[in-house]
Amino acid sequence: MQQQYSKQENSRDFEEFHNIEELKELFLLNSINDGSSFQKVLKLGGDQGLAKQLKSHLLKGIDSEAQVQENREKFGNNDPIEKEPAQLCELILECFGDTMLQILLAAALVSTIIGIINEGVKTGWTEGATIFLAVFLIVSITAGNNYLKERQFQQLRRKLDDGMVQVVRGGIVEISIKEIVVGDILQFGIGDIFQVDGLMIQGSQIKVDESPMTGESDEIKKLPFNEMTQSQSNSKDHHHYSPFLISGTRCLDGNGYMLVLQVGQNTIQGQLKLLLNQDNPPTPLQQKLEGVAENIGKLGTLVAILTFIALMGHLIYDVFVDHKHELLTLLSLQLIIEAFMIGVTIIVVAVPEGLPLAVTIALAYSVGKMKDEQNLVKNLASCEIMGGANNICSDKTGTLTQNIMQVTALWIENHTYMNQEINVTSKISRQSIEIMSESICYNSIANPTKDRDTNRWTQIGNKTECALIELADNFGFKYSNYRLNERILRQIPFSSKRKKMVTAILNPKNQAIRIFCKGASEIILAQCFRYVSTNGVEQVLDKVKKDEILHNIIENFASHSLRTIAIAYKDLEPQTHVHQINEDDIDKDLTLIAIAGIKDPIRPDVADSIRQCTKSGVTVRMVTGDNLITAQSIALECGILEKNRAQQEFEVIEGKKFRDLVGGLVSAKNEEGKEIKVVKNMQIFSKISREMKVMARASPEDKYLLVTGLIQEGNVVAVTGDGTNDAPALKKADVGFAMGITGSDVAKDAADIILIDDNFSSIITAMKWGRNIYDCIRKFIQFQLTVNLVALFMSFTGAVILKQSPLNAIEMLWVNLIMDTFASLALATEPPSIKVLDRQPYRRSDQIVSPTMYRTIVGASLYQIIVLTFILFLLPKFIDCSIPEELIDQKNVVQMSIFFQAFVLMQVFNSISCRQLDYHTRNPFANFCNNPLFWIVQIITVIVQVLLIQYGGKYVKVSHLTLEQHLLCVGLAVGGIIFSVLFKFIPEGLCQKIHLFREEEIKTEKMDYTLTSKLRRKSTMRLHTSQRSKHDFGSLNKMSSDKI
């Protein structure tokens, strides 16, 4: 690349900047637009003067580690910007925002006062204080759970900010984004998102999308500072031709180098990130569950009101019919307060706050595990959506293949060399080797490194270029000698649309301009009219010879699964103004030098993964830029296409033919009246989609068209992509996967999940975890609905018949802790079984609560209600329930303690039954030891429960039980497991028509106005998020207008 920097003499006087603020002012939008930033750089000595003041050099960069450290200490580091997470005490206070808990605490305070008046200070405070303690414990445990979850998400966000870049420090080195310092010379290319602010010092064809920072949708052309200096007298529009590169903006075309001037929180992007909120919005599953929670909450509220009315009815009867006491007494007030607390506690128990909590825990647990299995999740919703994916549109390079490129076939001088023959240079003329190797070295931007001791290469950058550079190195041409060279006049980088790269250089032998071109072999061959023959002699390339090369060389290489790259050149007159030639004309009338066949081995586990996808009901389609024969050969090797079977008409298709057949995209309006893009001919598309497995020579537009049509058909589509132009398809897909190694920054930014290892098998991992999240939530719902139905039924029945709820307020709070926080921890962290991949994916229209789940819920609820009704009304006839002397004043305390103990133990054993969602597994102890956390939670629950029974006494209003009574409770609880196994023999078809709850997906903007949200604290912190978002949005607008 031509060294384009300003020519100020080192002796020339220039201003010195005194602090970071002066550098910040260079990147204010108004200053860039009116040219004052440009003038300021001139006063500071231009790019050379700035580099000198930063103890750097435009060619060598910062050449010592000591200077790097000095600049880091002086100008700051490039650590990612993140908000301070909420502290534990803040989360505890947030939990006290729960409306029902506030009312319960107020009622408990009144109860304490009445108790002290009636019984004195010594004992009157116990009931109210116990409720206060129970509420504080619930709040603390819930807040602690949220605290750990927030920390986990914070670690995830930090991982997302990791990445590698190439800088010049003596030579080109690869460093972490976090290690960039002011003064570094940073290399950038097409698809990169700038992580720092800087001044472009050299580059070619740079076009930048600044809309994320400025709101302008137009592509902004950037010129190196030196070119701006030369052309400033001819142009007054400094903004649209500026050398300033702003963090957060995207490089759409070209490549170059920039002098880093701002890092970290001093950058424009860093200042904005300080204002932005990093909370995660509700996922589709959370929105759907909000509808279930709304219905359960309404039922619970109704039962709470009826229970309160029933208790008030008994009070009125005692006062006005039996004349047991007067109405206007402290006893009546105490009974009213107790009834009110029972009603409020029923709402606390009934409103399933644990549902969104379970989803959050399942997601937090899953994304952590997925990261360990090479899936870096950016969008939490994508985890659960992958559970329903039934189509995967996969790239070839690096995803299905190993992305370890090597030239294994070479056609040059009208002769083909295979494998080790390539390195025998005596068979090829020195002239042909030289022109081919120079073309490779000049016309590339990859930077592989070679270990001097082992001679092994580390491929950094585009792997195809790395393979070609290794070939040139074998012939004795080191690419580093041709980079940062003043001979390079112009460079047009490779793009997936052009499928070729062009570099123009000044030929020192004759001062002519030489154009080097490489790219897709068919495209380059079509533009060639001569070829290099034996001994480097050029010959005419007529149609017959072109057909021979196409069939005997290109298609032959492709049939062996080789990617074919053509290398060509042409010479122009010395006086040609190469920058003025149109991109489409610069690479016409070429001379073909060579065609390289590059092998990229298939990943060893891909065939098994694709077989697993087929078994799981997922269609895998390969969408690649390779030619038809290469694509077909690799698809057969992978198992995407079946061997020894006649192909269907559209099973393998080229992108252009596909696009022509379906008619492209047209505008239409959706149900909400918004304009969207749809496939023009869906009838033809549906026919093609039923057969298509491979799309060759596909452009990013073809991929977007395919994804749009598949989603139109109702499919859940996952897409992989690595290039800048893949971003629209990644955004459009239900789940977009970007390549972590080869993917551009723009692709990673558009994706939902980043494949750290670029491996197709990692997509199977995401699918496995996605299905597991659904399973975990279903297990939790099975458990919670059972507890809810039983608790509501028994509370109402006890209130109507016995004039009291069988579970008092303290016991219900403990039950609430078990069914919300403990159950979500135990059941939402179940690891996935490989068996989840043996069934079909979930459909968009599937109910979360399936008929099989209703069978489990109804069976468990029926058993528990029968057992608890027996304890409540008939137990004293069969066992001794005499009351201990110290609790003689508490009626039925032993019977109610047995009720409480049996109720909680039945939930413990029911949670074991709820772990099984497999419709064919009747053994409740299958996968017994695969989740240690589940058993830890159950053991803690049992220990605390026994302690409450044995030592709770008057504080919890329970009596200690004998060993026989404990064993009775355990026996009744174990009976629940036996009953649930027997219930599974009932045919599933009998439960198909059971639908207790509607499953409407509640819109995000309406979630704060549901009954559940109004009665309980926003467990997903939606209220706080919405308030912060409004504040942040206002701050962002102000920042954008004032600062940028």
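Bear in mind the structure is a predicted one, so any value in this text is a computation, not a measurement. (Residues numbered from 1 in each chain as written. Predicted model: local features only at pLDDT ≥ 70, side-chain atom pairs only at ≥ 80, totals over all residues. Heavy atoms only, no water.)

Before going further, it helps to examine helix α29 (residues 809-827). With 19 residues, α29 should cover 27 Å at 1.5 Å per step; its first-to-last C-alpha distance of 26 Å lies within 8% of that length. Its maximal kink placed at Ile818, α29 deviates by approximately 30°. Most of α29 is tucked away, with 18 of its 19 residues classed as buried. Taking the backbone nitrogen of Ile810 as reference, a side-chain oxygen 3.1 Å away marks Asn808 as the first, capping residue of α29. (Helix = DSSP H or I, 4+ residues; strand = E, 2+ residues; numbered from the N terminus. Expected span 1.5 Å × (residues − 1). Bend = angle between axes of the 7 residues up to and from the residue. Buried < 20%, exposed > 50% of the residue type's maximum accessible area, 1.4 Å probe, protein only. Polar contact = N/O pair within 3.5 Å; in protein donor to acceptor, adjacent residues only side chain to side chain.)

Close approach of charged atoms allows side chains with opposite charge to pair. Tallied over the full model, the rule gives 29 salt bridges. In this structure, Lys478 engages Asp473 in a salt bridge whose closest nitrogen and oxygen atoms are separated by 3.8 Å. Judged by relative accessible area, Lys478 falls into the partly exposed class, the value being 47%. Relative accessible area serves as the criterion here: at 12%, Asp473 is assigned to the buried category. Note that Glu538 is salt-bridged to Arg530, the shortest N-O span being 3.7 Å. With relative accessibility at 36%, the residue Glu538 sits in the partly exposed group. In this structure, a network of salt bridges that share partners links the residues Asp209, Arg250 and Asp749. (Salt bridge = Lys/Arg side-chain N within 4 Å of Asp/Glu carboxyl O.)

Quick look at the packing of helix α17 (residues 430-442) against helix α18 (residues 463-474) now. Two quantities define a packed helix pair, namely the angle between the axes and the distance from one axis to the other. Running from N to C, α17 and α18 cross one another at 140°; their axes reach a closest spacing of 9 Å. One way to sum up the angle between α17 and α18 is to call them oblique. As for how α17 packs across α18, the hand of that crossing is left-handed. Contact residues: Met436, Ser437, Ile440 and Cys441 in α17; Leu468, Ile469, Leu471 and Ala472 in α18. Its residues assigned to classes, the contact of α17 with α18 shows seven nonpolar, one polar and no charged. (Axes fitted to C-alpha atoms, helices over the stretch in contact; angles between N-to-C directions. Parallel < 35°, antiparallel > 145°, perpendicular 65-115°, else oblique. Left-handed = near helix turned anticlockwise from the far one by under 90°. Contact = heavy atoms within 4.5 Å. Nonpolar A, V, L, I, M, F, W, Y, C, P; charged D, E, K, R; others polar.)

Okay, the confidence of the model for the protein chain next. Per-residue pLDDT for the protein chain averages 82, and the proportion of residues at 70 or more is 86%. Across residues 233-239, confidence stays below pLDDT 50; counting only partners more than four residues off in sequence or on other chains, it has 13 contacts. Segment residues 1018-1044 is flagged for pLDDT under 50; beyond a separation of four residues in sequence, or across chains, it makes 49 contacts in the model. (pLDDT = per-residue confidence, 0-100.)

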